Amino acid sequence: MESLSMEMPRVGVSQVLLHPDRRVGADMARWRSSGGGAALARAIQNPAAVLAEVKQADLRGLGGSGFPAWRKWEFVAAEAPKPDKYLIVNGNEDEPGTFKDRVLLEETPHQVIEGAVVTALAIGVNRVVFYTNPDLTRSLAAMKAAIEQWQASDLLAQASTALGRPMELQLLPGSGHYIGGEETASMEWVEGRFPFPRGKPPYPAQAGVHGCPTLINNVETIANVPHIVAQGAAWFRALGIGVGTGTKLYSLSGDVLHPGVFELPMGTPLRELIYTHGGGLLSGKPLKAVFTGGPSSTLLTPVDLDVAMDFDSLRARGANLGTGAMIVISEGTGIVKRVAEYERFFAHSSCGQCNSCKVGTATMSRLLDRIDTGCGTATDLTTLKNLCTMLPGSGRCHLINGAVQLLDSAFHHFPDEFKQALH
Amino acid sequence: MTTSNTTATESGQTPDVALTINGLAVNAHPGMSLVEAAWHGGVPQVTSVGCLEGVCGSCRVMLRRGKEVTVGLACQTFVEDNIEVVFMPPASAPQHHYEISDFKDGWDIHARFHKIFPEASRCRHCHGCDKACPKGITVENGVALAAAGRYREAGEAFFECVMCELCDAACPELIAPAHVGLFSRRVTAHFHLRPPNLIHRLEELRQERMETCRDEDNKK
Amino acid sequence: MSNGIPLAEALARYRADTDLAPPPALTDIDALLNAYHPDHLRDSVTKLAVGANAGDNCQRELAGLLQAEAFIDEADLAGAPVTDIDVLVIGGGGAGCAAALAAAENGARVLLATKLRLGDSNTVMAEGGIQAAIEPDDSIQRHIQDTLRGGHHLGDPALVSALAGDGPEVLHWLISQGMQFDQTPSGDLHTRRAGGMSTPRLVHCRDYTGLEMMRVLREAVIQHRSIEVWEQSPAVELLSNEVGQKCVGAVLTSLLDGQLRIVRTRSVILATGGLGRLHLNGFPTSNHLGATGDGLVLAYRIGARLCELDSFQYHPTGLAHPSHLAGKLVTEGVRAAGALLINGLGQRFIDELQPRDVVCAAILRECSEGRGVRVDDQHAGVWLDTPRLERANPGILEQQFTSLMTRTHVAGIDPRREPLLVHPTLHYQNGGAVIDVNGATTVPGLYAVGEVAGGIHGRNRLMGNALLEIISFGRRAGVAATADRDRGPKKVTLEHVNNLRRALTLAGMPMTQRAPQVLPAYAAGGIWNR
């Protein structure tokens, strides 16, 4: 995707995951000297306690779903190996406006690996796959070096002993397709095929990679695990604001003075992110809207400035935190153009398995392009609205839902802008 | 779904079917095609209708039954209770450019094909095109045949193609299968169809013309 | 048509295995035609009051459109965007595509405007084939004779010779464009013999000849660098010079946004096709949705002379059921293969291989005299006995009539097991704009090709001559239209419209109706209410 900047995003505020002590790159000695490996040591002593602690911490899936991570862990922990169990650490990160996992992978690879090994111990996984966006060459290089260090060190051997069988770490560059980030699609890729999402059931926890029980967690989710284990659930919960627990890596971009990745307490209000940490809007313009999630979600508008950016609070507003991406646009930026751009992304990303999704997103994208370029008619707008009614829920995965939700929300908040653009 | 003569009834005797076309609630008689239902219900802006017998490929629709959304041709699809129909906008202009008169002979056709349709060899086998085809053409296989240089067989696979271009819309790799099929058919005729009876008659006519010209020159 | 035998009752009575008595002898064909053929119906013909054909016979509903008020006035054109182009082709069927390609091959910049989608036409539905004298024992001369005889010797011999003479070269050109035809095992083009041909002359691509032709031409047009295509862009008026006597462009609109656009050109080629969707005399039609006779209206208004305006081909076997296929053809080949026609009482009533107009009149007689099969208050027909044909020739429908089987299968009807209900359907406009061998009309700068043109088929067209005509004359007009190098200052006016208005007013005509119709009223759904 062209939206992927190879430049390292600016890291604004940092507390836990992006604390300067953690950002040592693939330097195992430095990482261990600042406390790295402590969580693994605890987990080796008492693997069973890890899941309980994570559950207590209410760790959520930070790749976008917000689904309690510990619940997925429980499902996989309850399954017997067939003959293996897999953990896929999902760093596919390919959607517009999201650029947080690459920082974790590049600057804190040992933190991610420790999290994965601890998780694997806790639920009995013997095969860990670090599934990484293939275009992020520096992240891949850091992970490759770090994994080699683990394989050469005593840490992995100790974990294997605790597990009772060899634990294998694999670095797997992804397909370069956005859809490859969908969890069942990632399993297809791990098995060596095009990342088409699979139908569910069976769920990955029962029959995932090669039919084995499989856990798929986002890089950021996994990176939190060592800290929960080392410092306890109570500490973790206290990091959040309101109902939020822990911290969140917000990817802030768009018309703000200081775009970048900001690790803030889960539940930080949007206003604080944009104005305190992001330096406010360019040229002091008023805020127009925020595309959240990456960007398959409803829009936030100025009335939402004080909403707490955690999964539950945003869901209560009909929005979605998603990956924590916040693409800010100011007055003067065209909604139609932006929505057209994102719908083009979805159309490009649709895998083709479901006619509804592929034809639906392609049609929406084309109609939006027409409207944006002054060639649209009232019929085009009506067709778009009809598609928004017809398409939700018709796909094998959620891509079509996100595409529709974004457009629907834009219609809802900015009806006049679409009408004005008509031919 | 209609029906055969035996179950046909005089209109009005059976209860109407309720469906949605372009967002409007429409009541139609059982056995009506979606085009008829759109007319019957006075649905505006339905201009992408043509032959009404399934060969012009214009009346492309997306259909929702329950949670399932499919594509099809409205003149060949019949009303059902609660079906949701959206007429699709006309297809966009193709992205592939060639003029058959530019092809000098057939020996470089394979290279030309892949230059014109570079995507054709990138099929990811999602079967979207096969699902989208209202004529039941084995589109994906046809594309594979063309990509392998087997144009005659590929063209044969696309024999019933009505150029609705639904497969083009359904292809995530932007292969434009309908145009691949047509290309295959065209080059097969252009390079290989050399019928003796036609060639003979053309030569006769050419000689007749030359004689006429000579006669006229002599007269001068 | 409220009388007749109800469908269910007729079907219960139908047997595919009974012996049938031969049909009664046909004693007086003229009497049958006069009594029942739609062209002869009392009140179906009137005389035109104004225009180039004033005093000539014309079908009544068509006359209403030819002598109607225009849609637009000069004031409507204020601010309309202007496009300048060498040649404007109006119509996106086979004739329009052939004309556009020929003009472009001759170096012209071409704009092809079509009311619906490019290729959306009657061409695409043509099943039979295309005539060309290519067999050893055939000749151009025989083709000419057959065509003239078929048209009751009312066709223009110059046009007919041009048509027949082009046949082989037309096939050559189509093949070079990439059109496939059926071949014999030895590689010859396979020919069939059809009604009115003294020898096999019908070249074909299974029963999808028109589809194969149309998709190839459509692609060739789309791919051509010098041809621009505007879809959903019907013409609502032609434009004339200051004195209203030369065609210098056209006014197009868009079905999508209704905006008017002016196109200024050296020449305009009308390739708008026929008028089946006017449903003359209340008949169903085999035609596609856009066949509303717009070209005739535009040509007549700018002063072009037309011909045979009271002669139409009603095909005997249009489907009367199911409703979504109403009027759609069952190819004559089914009767040629031996399928019989049976009335609601289970009797034969006509020799099925009589000329189309005679069979058509006989079916109408059965329906009118209560021996038809009644579907509802508006629809009746007779049986086309396909199950009997299948019994006598197992497999024939599947093998030879793929297109028919595909269409009926969609409707859940199996013609192998139940007979098809048929009724005559408005199929073809025999006449049209008077043209010369270049497709030029009597108005300078205006050409007409394909079904909108007249003079070739007399009062009856043979199967396979329509597909030949659209390519032959399409290409002739395309070449001729480029030859006109008039580059003078172009003043485009609606003067011809005012000329006609004057004449209409002086003749005391009502001018309440507007034309062209663009879409049938039932399909317009409110889009066309200017």
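None of these values were measured; they are calculated from a predicted model.

Conventions and cut-offs
- Along each chain, residues carry numbers from 1 onward, in the same order as the chain's sequence is written.
- Chain A is the first chain written and ligand 1 is the first ligand written, with later ones labelled in order.
- With pLDDT at 70 or above as the cut-off, local features in this predicted model cover only qualifying residues; side-chain atom pairs require 80 or more to be listed or tallied, and sums for whole chains, interfaces and linings still use all residues.
- Side-chain calculation: all heavy atoms of the structure are included, whereas hydrogens and water are not.
- Pairs of residues are marked as contacts when any of their non-hydrogen atoms sit within 4.5 Å.
- Here the quantity called buried area is the total loss of accessible area, with a 1.4 Å probe, experienced by two parts when brought into contact, counted for both.
- By definition here, a salt bridge exists when the distance from a side-chain nitrogen of Lys or Arg to a carboxyl oxygen of Asp or Glu is within 4 Å.
- For this analysis, a polar contact is any N or O atom pair within 3.5 Å, provided that within protein one partner can donate a hydrogen and the other can accept it, and provided that sequence-adjacent residues contribute only side-chain to side-chain pairs.
- Secondary structure counts use DSSP, requiring at least four H or I residues in a row for a helix and at least two E residues in a row for a strand, with both numbered from the N terminus.
- At least two DSSP bridges between two strands are required for those strands to pair.
- Under this grouping Gly is polar, as are all residues other than the nonpolar Ala, Val, Leu, Ile, Met, Phe, Trp, Tyr, Cys and Pro and the charged Asp, Glu, Lys and Arg.
- Think of it in three bands: with a 1.4 Å probe and only protein chains considered, a residue is buried below 20% of the maximum accessible area for its type, exposed above 50%, and partly exposed in between.
- Domain extents, as shown, originate in an automatic or database domain assignment.
- Only residues above 30% relative accessible area that lack a salt bridge enter a patch, with like-charged residues linked at up to 9 Å and the nonpolar side chains Val, Leu, Ile, Met, Phe, Trp and Tyr linked at up to 5 Å.
- What sets the accessible areas is the Shrake-Rupley method with a 1.4 Å probe; for residues, cover comes only from the shown protein chains.
- His is not counted, nor are the chain ends; Lys and Arg add positive charge and Asp and Glu add negative charge.
- The atom standing in for a charge is NZ when the residue is Lys, CZ when it is Arg, CG when it is Asp and CD when it is Glu.
- For helices, the fitted line uses only the C-alpha atoms of the stretch in contact; every axis is such a line through C-alpha atoms, and the angle between N-to-C directions lies from 0 to 180 degrees.
- In this scheme, roughly parallel covers angles under 35 degrees and roughly antiparallel covers those over 145, while 65 to 115 is roughly perpendicular and the rest are oblique.
- Aromatic rings from Phe, Tyr and Trp, with only the six-membered ring used for Trp, were paired whenever their centres fell within 6.5 Å, and each pair was classed as stacked if the ring planes differed by under 30 degrees, edge-to-face if by over 60, and tilted otherwise.
- Geometrically, a charge over a ring is one whose NZ (Lys) or CZ (Arg) sits within 6 Å of the ring centre while staying within 35 degrees of the ring normal.
- pLDDT expresses how confident the predictor is about each individual residue, on a scale running from 0 to 100.

Engineer: Can you help me understand the interface of chain B and chain C in this one?
Structural biologist: Accessible area lost upon the coming together of the parts is a frequently used measure of interface size. Listed as interface residues are 63 residues of chain B and, on the opposing side, 73 residues of chain C. Summing both partners gives a buried area of about 5,900 Å² for chain B against chain C, and 52% of it is carried by carbon and sulfur. Counting the contacts that link chain B with chain C gives 8 salt bridges. One salt bridge connects B:E165 with C:R117, and the closest N-O pair in it is separated by 3.4 Å. The tally of links between chain B and chain C comes to 27 residue pairs in polar contact (both at pLDDT 80 or more). For the side of chain B that touches chain C, the secondary structure elements donating two or more residues are α1 (34-40), α7 (177-192) and α8 (196-219) of chain B.

Engineer: When you look at the sheet that holds strand β5 (residues 247-254) of chain A in this model, what are you seeing that I'm missing?
Structural biologist: Note: strands within a sheet are paired through backbone hydrogen bonds, in either parallel or antiparallel orientation. Residue and element names in this part refer to chain A. Spatially, 5 strands are ordered β6-β5-β9-β7-β8 in an open sheet, and the strand pairing comes out mixed. One side of each edge strand has no neighbouring strand; the edge strands of this open sheet are β6 (260-265) and β8 (299-300). As defined by bridge partners, β5 adjoins strand β9 (residues 325-330) across 4 bridges and the pair is classed as parallel. Looking at the pairing, S251 lines up with A325 of β9.

Engineer: Just to check I follow, could you spell out the interface of chain A and chain B for this structure?
Structural biologist: Listed per partner, the contact involves 27 residues of chain A and 28 residues of chain B. Summing the contributions of chain A and of chain B, the shared interface buries around 2,200 Å²; its carbon and sulfur component is 60%. Across the contact surface, chain A and chain B share 0 salt bridges. In this structure, the connection of chain A to chain B is made through 8 residue pairs in polar contact (both at pLDDT 80 or more). For the side of chain A that touches chain B, the elements supplying multiple residues, two or more each, are α15 (355-372) and α16 (378-390) of chain A. Considering every element that reaches the side of chain A that touches chain B, the biggest residue donor is α15(A), with 10 residues. The class makeup of the residues in the side of chain A that touches chain B is 10 nonpolar, 14 polar and 3 charged.

Engineer: Explain the pairing of β6(A) here, please?
Structural biologist: Burial of β6(A) is extensive: 6 of the 6 residues sit out of reach of the surface. The antiparallel pairing of β5(A) with β6(A) creates a hairpin that spans 5 residues between the two strands.

Engineer: Quick question: what am I supposed to make of the domain arrangement of chain B here?
Structural biologist: Residues and elements named next belong to chain B. According to the domain assignment, chain B consists of domain 1 (17-87) and domain 2 (100-192). Its C-alpha centre places domain 1 at a distance of 29 Å from the equivalent point of domain 2. Contacts between domain 1 and domain 2 engage 8 residues on the former and 7 residues on the latter. Interface area for domain 1 against domain 2, summed over the two sides, is near 630 Å², with a carbon-plus-sulfur share of 63%. If you sort the residues of domain 1 by the area they bury against domain 2, R60, V71 and L73 come out on top, with a joint share of 59%. Applying the counting criterion to the domain 1 and domain 2 interface returns 0 salt bridges. For the side of domain 1 that touches domain 2, the leading source of residues is strand β4 (residues 68-73), giving 3 residues. Tallied by class, residues from the side of domain 1 that touches domain 2 come to 4 nonpolar, 3 polar and 1 charged.

Engineer: How do you make sense of the environment of C:L364 when you look at a structure like this?
Structural biologist: Residues and elements named next belong to chain C. Along the chain, the position of L364 falls in helix α10 (residues 356-368). Judged by relative accessible area, L364 falls into the buried class, the value being 11%. Between the alpha carbons of L364 and A380 there is a distance of 9.5 Å; along the sequence they are 16 residues apart. Discounting chain neighbours no more than four positions away, the residues touching L364 are Y36, P38, F283, H423 and P424.

Engineer: What's the story with a negative patch on the surface in this structure? I'm lost.
Structural biologist: Residue and element names in this part refer to chain B. A cluster of like negative charges, contributed by E208, E211, D215, E216 and D217, occupies part of the molecular surface. Secondary-structure assignment places D215 in helix α8. Of the residues examined, D215 reaches a relative accessible area of 45% and is grouped as partly exposed.

Engineer: What should I look at first to understand the packing of helix α6 (residues 109-123) of chain A against helix α10 (residues 219-231) of chain A in this one?
Structural biologist: Angle between the axes and distance between the axes are the two parameters that describe a pair of packed helices. Residues and elements named next belong to chain A. Look at α6 against α10: their axes get within 7 Å of each other, and the N-to-C directions meet at 75°. It follows that α6 is roughly perpendicular to α10 by the angle criterion. Across the interface between the two elements, Q111, V112, E114, G115, A116, V118 and T119 from α6 touch V219, I222, A223, V225, P226, H227 and V229 from α10. Tallied by class, residues from the contact of α6 with α10 come to 9 nonpolar, 4 polar and 1 charged.

Engineer: Would you explain the packing of aromatic side chains in this entry?
Structural biologist: Aromatic ring pairs are described here by two measures, namely the spacing of the ring centres and the angle between the planes. Evaluated as defined, the whole model comprises 20 aromatic pairs over all chains. For the pair B:F113 and B:F117, a centre-to-centre distance of 5.3 Å together with 40° between the ring planes defines the contact as tilted. One cation-aromatic arrangement involves A:K385 over A:F411; the distance from NZ or CZ to the ring centre is 5.4 Å. Above the ring of B:F159, the side-chain terminus of C:R215 is found at 5.8 Å from the ring centroid.

Engineer: Sorry, what's going on with the pairing of strand β1 (residues 86-91) of chain A here?
Structural biologist: Regular strands place their side chains on alternate faces of the sheet. All names here are of chain A. The buried fraction of β1 is high, at 6 of 6 residues. By the alternation rule, side chains of β1 split into Y86, I88 and N90 and L87, V89 and G91, which are all buried. Two elements, β1 and strand β4 (residues 214-218), share 5 bridges in a ladder whose sense is parallel. Residue pairing in the sheet places Y86 in a bridge with T214 of β4. Summarising the sheet, β1 and strand β2 (residues 127-132) pair through 6 bridges and their orientation is parallel.

Engineer: What is the right way to look at the environment of C:V251 in this model?
Structural biologist: All names here are of chain C. In this fold, V251 is placed in strand β12 (residues 247-252). We classify V251 as buried; its relative accessible area is 0%. For the pair V251 and L239, spaced 12 residues apart in sequence, the C-alpha to C-alpha distance is 6.9 Å. Apart from the residues lying within four places of it in its own chain, the contact partners of V251 are I72, L77, P234, A235, V236, E237, L239, L260 and R261.

Engineer: What is the right way to read the confidence of the model for chain B from this model?
Structural biologist: When pLDDT is averaged along chain B, the result is 91, and 94% of the positions lie at 70 or above. Within the model, pLDDT remains below 50 along residues 1-12 of chain B, and this stretch shows 33 contacts once partners closer than five positions in the same chain are excluded.

Engineer: How should the domain arrangement of chain C be read in this particular structure?
Structural biologist: All names here are of chain C. According to the domain assignment, chain C contains domain 1 (5-36 + 312-427) and domain 2 (74-311 + 430-483). Taking only C-alpha atoms, the centre of domain 1 and the centre of domain 2 are 31 Å apart. Each side of the interface is counted separately: domain 1 has 22 residues, and domain 2 has 24 residues. Overall, the association of domain 1 and domain 2 removes approximately 1,900 Å² of surface from exposure, summing both partners, and the carbon and sulfur fraction of that is 48%. Interface area lost by domain 1 to domain 2 is led by F312, Q313 and L426, which between them contribute 35%. Inspection of the domain 1/domain 2 interface yields 1 salt bridge. Residue R407 is joined to E127 by a salt bridge in which the shortest nitrogen-to-oxygen separation is 2.9 Å. Seen at the junction of domain 1 and domain 2, the total is 18 residue pairs in polar contact (both at pLDDT 80 or more).

Engineer: Can you walk me through the side chain of C:N122 in this structure?
Structural biologist: Residue and element names in this part refer to chain C. Turning to its location among the elements, N122 is positioned in the loop between β6 (110-113) and β7 (130-131). Side-chain polar atoms of N122 contact the backbone nitrogen of H288, separated by 2.8 Å. Each residue touching N122, except ones within four places of it in the same chain, is listed here: N287, H288, A291 and E451.

Engineer: Explanation requested: unusual backbone geometry in the structure shown.
Structural biologist: What you tend to see is this: most non-glycine residues have negative phi, and most peptide bonds are trans. Looking along the chain, the bond that leaves A:K200 and enters A:P201 is cis, with omega of -10°. Mapped onto the fold, A:P201 is located in the loop between α9 (183-190) and β4. In this model, C:A515 is joined to C:P516 through a cis peptide bond whose omega is 0°. Here C:P516 is to be found in the loop between α15 (495-506) and α16 (521-524). In the Ramachandran plot, A:D58 falls in the positive-phi region, its phi being about 55° despite a non-glycine side chain. Position of A:D58 among the secondary structure elements: in the loop between α3 (47-57) and α4 (69-78). For B:M163, which is not glycine, the phi torsion reads 55° and is therefore positive. Tracing the chain through its elements places B:M163 in the loop between α5 (151-157) and α6 (166-170).

Engineer: Help me understand the pattern of salt bridges in this model?
Structural biologist: When the charged atoms of two side chains lie near each other, side chains of opposite charge can form a pair. For the coordinates displayed, the defined rule picks out 71 salt bridges over all chains. In this structure, A:R271 engages A:D306 in a salt bridge whose closest nitrogen and oxygen atoms are separated by 2.9 Å. With A:R271 in helix α12 (residues 270-277) and A:D306 in the loop between β8 and α13 (311-316), this pair connects stretches of sequence that are 35 residues apart. By relative accessible area, A:R271 is classed as partly exposed at 38%. Between C:D56 and C:R305 there is a salt bridge, with its nearest N and O atoms 3.3 Å apart. Of this pair, C:D56 sits in the loop between β2 (45-47) and β3 (57-59) while C:R305 sits in the loop between α8 (294-301) and β15 (306-307); the two residues are 249 residues apart in sequence, bridging distant segments of the chain.

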